[in-house]
Amino acid sequence: MRKKSTIFVAAVTLVMLLAGCGAAENRQAEAGKPGQELVYATVKDINDMNPHLYPGSMPAQGMVYESLVENTADGIQPLLAESWEISPDGTVYTFHLRQGVTFHDGEAFNAEAVKQNIDAVQHNSAKHTWIRLSSKIKGTKVTGEHTFKLILSEPYYPALLELSMTRPYVFLSPKDFQNGETKDGVKGYHGTGPYRLTEHLTDQSAVFEANAKYWNGTPFISKITVKVLPTGETTFLALQKGEVNFVFTDDRGTDSIDTEAMDRLAESGAYQVVRSEPMNTKMIVANSGKADSPVQDKAVREAVWHAIDRDTIASQIFSGKETPAGTLFSSNVNYADIGLKPRAYDLQKAERLLEEAGWTRSGEETRMKEGKPLTMTLFYDAASLSQKTEAELIQNTVKGIGMKLELLGEDSSSIASRRAAGDYDLLFNQTWGLAYDPQSTVSAFTSETAYYHAIKGISRAEQLKDEIEEVMVTTDEEKRKALYADILTTVHEEAIFIPLTNGNLTVVAPGNLQGIGFKQTQFELPFERMSFK
Amino acid sequence: MTIHRKMWSDKLTAISLTVIAMVAFLGICAPWFAPHSPEQVHMELRYASPSWQYLLGNDHLGRCVLSRLIYGIRPSVLWVLAALLVSLSFGGILGILAGYFRGKTDQMIMRVCDIMLSFPGYVMSLAVVGILGPGIQNILIAFVIMKWAWFARVIRTSVMQFAEADYVRFAKAIGVGNAVIIWKHILPVALPDIAVISSSAFGTMILQISGLSFLGLGIQAPHAEWGMMLNEARGVMFSRPELMLAPGLAIVIVVSAVNFCSDALQAALDPKLQKNTRKPLRGQGLFPAKPKGEEVA
Amino acid sequence: MNGYIIKRTLLAAPLLIIISFLTFALNHLSPLNPAEVVLRAQGVPQITQALIAETEAALGMDRPFLIRYADWLASCLRLDFGDSYITGTPVWSLLGPALLNTLKLTMVSVIAILALSVGLGILCALKEGRLLDRSVRGVSFFLTSMPSAWLAAMMIWYFSVKLDWLPTSGMDSSAGYILPVTVLTVSYAGIYFRIIRSSMLSQLYEDYTLYARACGLPERKITLRMLKNSMQVAVSVFCMAVPVILGSTVVVESIFAWPGLGALTVNSILGRDFPVIQAYVLVLAASFVVFNTLSDLINAALNPRLRKEF
């Protein structure tokens, strides 16, 4: 008996040990799944898909919802509005809507739906201050089944640009509204876009299926699954094994896979790596409005600027896939080619600036001024591999000039709320991309949900605010140019936005996927144009 | 017990003790042993393979992995040890008081212990880090807060056995002061028990701190810590697996050495004592004590 | 027996209350003003002192501490832990599904741990001091010394990448359980194995065993009796292990992208999402107490001697 029980116990144990080998058939890797499906990996859940609020994933919202007009490389093009007229004084926009478009729940898309959506957005205007159009809309009017009038309080030149954005001016089926509003949540997520949301498991996955009734023809790829994979190494493995077959730089610029790993995937032939043109500028935002912080001091901000070795960042951390950036906007951005003088990587200059500003040091210590140490905190997105490495590099360099940087990795939404509340010294950020630059980024300088605090501390803050106000409404092209030049020069002089590199969008896709392209915004991809060979 | 077996276990214990002593020594004298500064960045050496100059290669900032490993001993092992000692002395004092004086003191202290022990340790560490923010100090604080109750409870049980011993009664009878009795008669005999529980707690603490650092909740850049090194190697886990090897092995070696020592200590204590620790301890109060190993929580 | 159950359960109640109180108080240790955090989470652009005062009043923070605690406790009992600062959704809508996922992982792991540690514990106790015993103990020491992150990484590399047997992450299929469960089992089985082995050994030296031997009872009967007794230990180990593993899956979840409590907590810590952290601590500490009580009750049912202790 004793022997028997021993054997039994040993057998149970063995079974446990072998449990790991249960699925021992050598399954074929599922790379490039047959059929017409894409499975893309994302760091965070797609979250609340309400298009009139901001927690949701933009690439996902971009698939489901559409705007009146589209921003393309050739300028503003029709989307849900087939054509439009602008009144001579620039305050009334009349849109002729596309006919025969329906929401995913079968509701008709018409002028009434447009009005309800825009009104719902306007009723929550505190959330939308970053988009200046929200403060210019005076009225909305239905003038026919498919004609809609938008009335502004004054002429506003980027109106169409802002109407083309992924959110908030996109359209949700009025049936999904709660008590006629969207600000307190919605009942469903039915847009007019090429894909509709069919399944959502929080923090696991979401499934989007092609909208067979899409007004512009059914998309080729029948199903797009979003899989939540919070870390880069699992994403890389999942790609290798074919559990996901598509990855791209997400809407917060998070790059969880290192460039080398991506190149290795491409070498294997199963995948291709496609990079967009430079689309944005990655930067460190210095909060000039932070009370009692050394970052209020312009010399400190300039010193940080001089102490960043952009060439090394571009060549080593990004393996040459991104280029060093010398100014907030690269010169190909509208109105930004004004010949600003870049500040080179120059540690001696940085030290001299600090010394002149009264930050003195003895030996290897941290510099002090009036009993206060030169210590600041730099916040980075904990999910971004490159930001952490850049931060550590900068931390090490500035230590040499007597500046102490503390690094704190946080969740991206926490960083966004820090930015809004002004509760930071320095943080990583990026400009908003070709579709938004310069007008949206510049108007965000004064938006209280964006860079308001960063700008607040500079001497010309009030004047800058007026200039930004004016540049958006002026109809005189020359004046607009001059104002932009003035605004950009001011923030450059004050060293508020410390540029790092010009970033692009990167897509890792199956080797046989074609039609991979980019939109003007860096936040979404045109999935409806992609197909398998 | 055969001579052979004794030899075997002794040898292992000897090796383990040597390893721990050497690691501690290396950590204390890190500036003399580390070939380079642990924070010196050389971007051109990013992910360089091992060379004669950099024996274990370079990390994502081109820093010397070996130097970081050596400096990493300080937070990963020595600071943990310090936290352990603080927590142990706190728990020890309370445990001795409770076990020696019994009555109301005992009741009070044990009630508090029960409450502390009803918070799972890992959860508490996370809670403290969540409230105070990431950082190694906060984790160490959490350790001290969490572990003392466990120590107090075990030491109390051990002290209780001796407090009733004849020689203690005799000492009391002839009017020796309580402090002297505790110091001279109780503490020395309770020491082996204390050694056993603290050594087994040490191993789990090292593992926990590396786990939390791995998640990015522990020590902050640029300081070297083994869990942090694992975290840094994580992003390139599959393109540069070798970077995970050094810190991972360091943790495995130190923790197993600690565990082997703890086990040997336990075995070395006389059989009577051993039997006592083996019996599931049953507390007298509200909540029965759990068998050993609970402090892994 | 009924009396014991009532007594024991009643004793858990004050403990639960103390725990909830400490959890509530914990939040007040935070260096941030809750009103400010709420405002920031709502995306209010400019936070003024007046606005903070207003929000404090709206949140009822000007009321006495104890009253606020009572209110909070009452809503917690209805599973209303407030809204997440980050997503703005009710905490329970985040915590509930995550708890379920972690619970699934925990249950499977604890069963595996139990099977392995009971099996090996009994085996080694019976063979005390022999090669088998010594090698199993040696290996278990070594395995429990491994950081789970490291172990997980190596297992993924070997089983998922090299051999391509198992999925790398996620819980879409039952195969997805195998690796995380194995990592948890390897990390924790060693500890429980030691407990079971010791308790088996201590029974070997118990008086009744000696007595039975002296009376010439067949060895297999003695073993059987010991096995029966060790089941009691196994049950209490099981009840003990559930909340411990429940709170220790953080690293494993993070590596295997398991959408559970661990991942949620780490994100909440990085996002300073206090209501989620608070609810997490409360739920886990409460489950710890519940499982401990359960373990005592089961033990008492199995072993009448223990009931007298109260």
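Per an unreviewed UniProt entry, chain C goes by Nickel transport system permease protein and derives from Paenibacillus silagei. Per UniProt, chain C has the following entry under Subcellular location (unreviewed entry): "Cell membrane". The Sequence similarities (unreviewed entry) comment attached to chain C in UniProt states, word for word, "Belongs to the binding-protein-dependent transport system permease family."

Naming follows an unreviewed UniProt entry, where chain B appears as Nickel transport system permease protein of Paenibacillus silagei. Comment text from UniProt for chain B, heading Sequence similarities (unreviewed entry), reads "Belongs to the binding-protein-dependent transport system permease family." Under the heading Subcellular location (unreviewed entry), UniProt records this for chain B: "Cell membrane".

Student: What exactly am I supposed to notice about a nonpolar patch on the surface here?
Tutor: A surface patch of nonpolar side chains, amounting to about 410 Å² of accessible area, comprises Phe25, Trp32 and Phe33 of chain B. Tracing the chain through its elements places phenylalanine 25 of chain B in helix α1 (residues 3-28).

Student: Just checking my understanding: could you explain unusual backbone geometry for this structure?
Tutor: Among all residues except glycine, the phi angle is most often negative; among peptide bonds, the trans geometry is most common. Each neighbour pair has its own omega, and for arginine 167 of chain A with proline 168 of chain A the value is 10 degrees, a cis peptide bond. Within the secondary structure, proline 168 of chain A sits in the loop between α5 (159-163) and β8 (195-201). Even without glycine at this site, arginine 102 of chain B takes up a positive phi of about 55 degrees. Residue position: arginine 102 of chain B is located in the loop between α3 (65-101) and α4 (103-117).

Student: Honestly, the interface of chain A and chain B in this entry has me stumped. Any pointers?
Tutor: Reports often express the size of an interface as the amount of accessible area lost when the parts come together. At the junction of the two partners, chain A supplies 22 residues and chain B supplies 23 residues. Both faces combined, the contact of chain A with chain B buries some 1,900 Å², and carbon together with sulfur accounts for 53% of it. When residues of chain A are sorted by the area they lose upon contact with chain B, Glu233, Gln316 and Glu392 of chain A head the list and together hold 26% of the total. Our count for the chain A to chain B interface comes out at four residue pairs in polar contact (both at pLDDT 80 or more). The set of elements that each furnish at least two residues to the side of chain A that touches chain B consists of α6 (232-241), α7 (259-267), α9 (310-317), α11 (385-400) and β18 (404-410) of chain A.

Student: Honestly, the sheet that holds strand β10 (residues 223-228) of chain A in this entry has me stumped. Any pointers?
Tutor: Each strand in a sheet pairs with its neighbour through backbone hydrogen bonds, running either in the same direction (parallel) or in the opposite one (antiparallel). Residues and elements named next belong to chain A. Judged by pairing direction, the sheet is mixed, and its seven strands sit side by side in the order β8-β9-β10-β1-β11-β21-β12 without closing on themselves. The open sheet has two edge strands, β8 and β12 (271-275), and neither has a second partner. Across the sheet, the mean angle from the axis of one strand to that of its neighbour is 20 degrees, orientation sign disregarded. One ladder, built from six bridges, connects strand β1 (residues 37-42) with β10; its direction is parallel. When the bridges of β10 are listed, valine 39 appears paired with threonine 225. Along the sheet face, α6 touches β1, β11 (246-248), β12 and β21 (506-510) and points at about 145 degrees away from the line of β11. In the packing of α7 onto the sheet, the strands contacted are β12 and β21, and the crossing angle to β12 comes to about 130 degrees.

About the criteria used
- Residues numbered from 1 in each chain as written.
- Chains lettered and ligands numbered in written order.
- Predicted model: local features only at pLDDT ≥ 70, side-chain atom pairs only at ≥ 80, totals over all residues.
- Heavy atoms only, no water.
- UniProt positions renumbered as here; feature names shortened; annotations may be inferred.
- Patch = residues over 30% accessible without salt bridge, like charges linked within 9 Å, V, L, I, M, F, W, Y side chains within 5 Å.
- Areas by Shrake-Rupley, 256 points an atom, 1.4 Å probe, with all protein chains shown as cover.
- Salt bridge = Lys/Arg side-chain N within 4 Å of Asp/Glu carboxyl O.
- Helix = DSSP H or I, 4+ residues; strand = E, 2+ residues; numbered from the N terminus.
- Contact = heavy atoms within 4.5 Å.
- Buried area = accessible area lost by both parts, 1.4 Å probe.
- Polar contact = N/O pair within 3.5 Å; in protein donor to acceptor, adjacent residues only side chain to side chain.
- Pairing = 2+ DSSP bridges.
- Axes fitted to C-alpha atoms, helices over the stretch in contact; angles between N-to-C directions.

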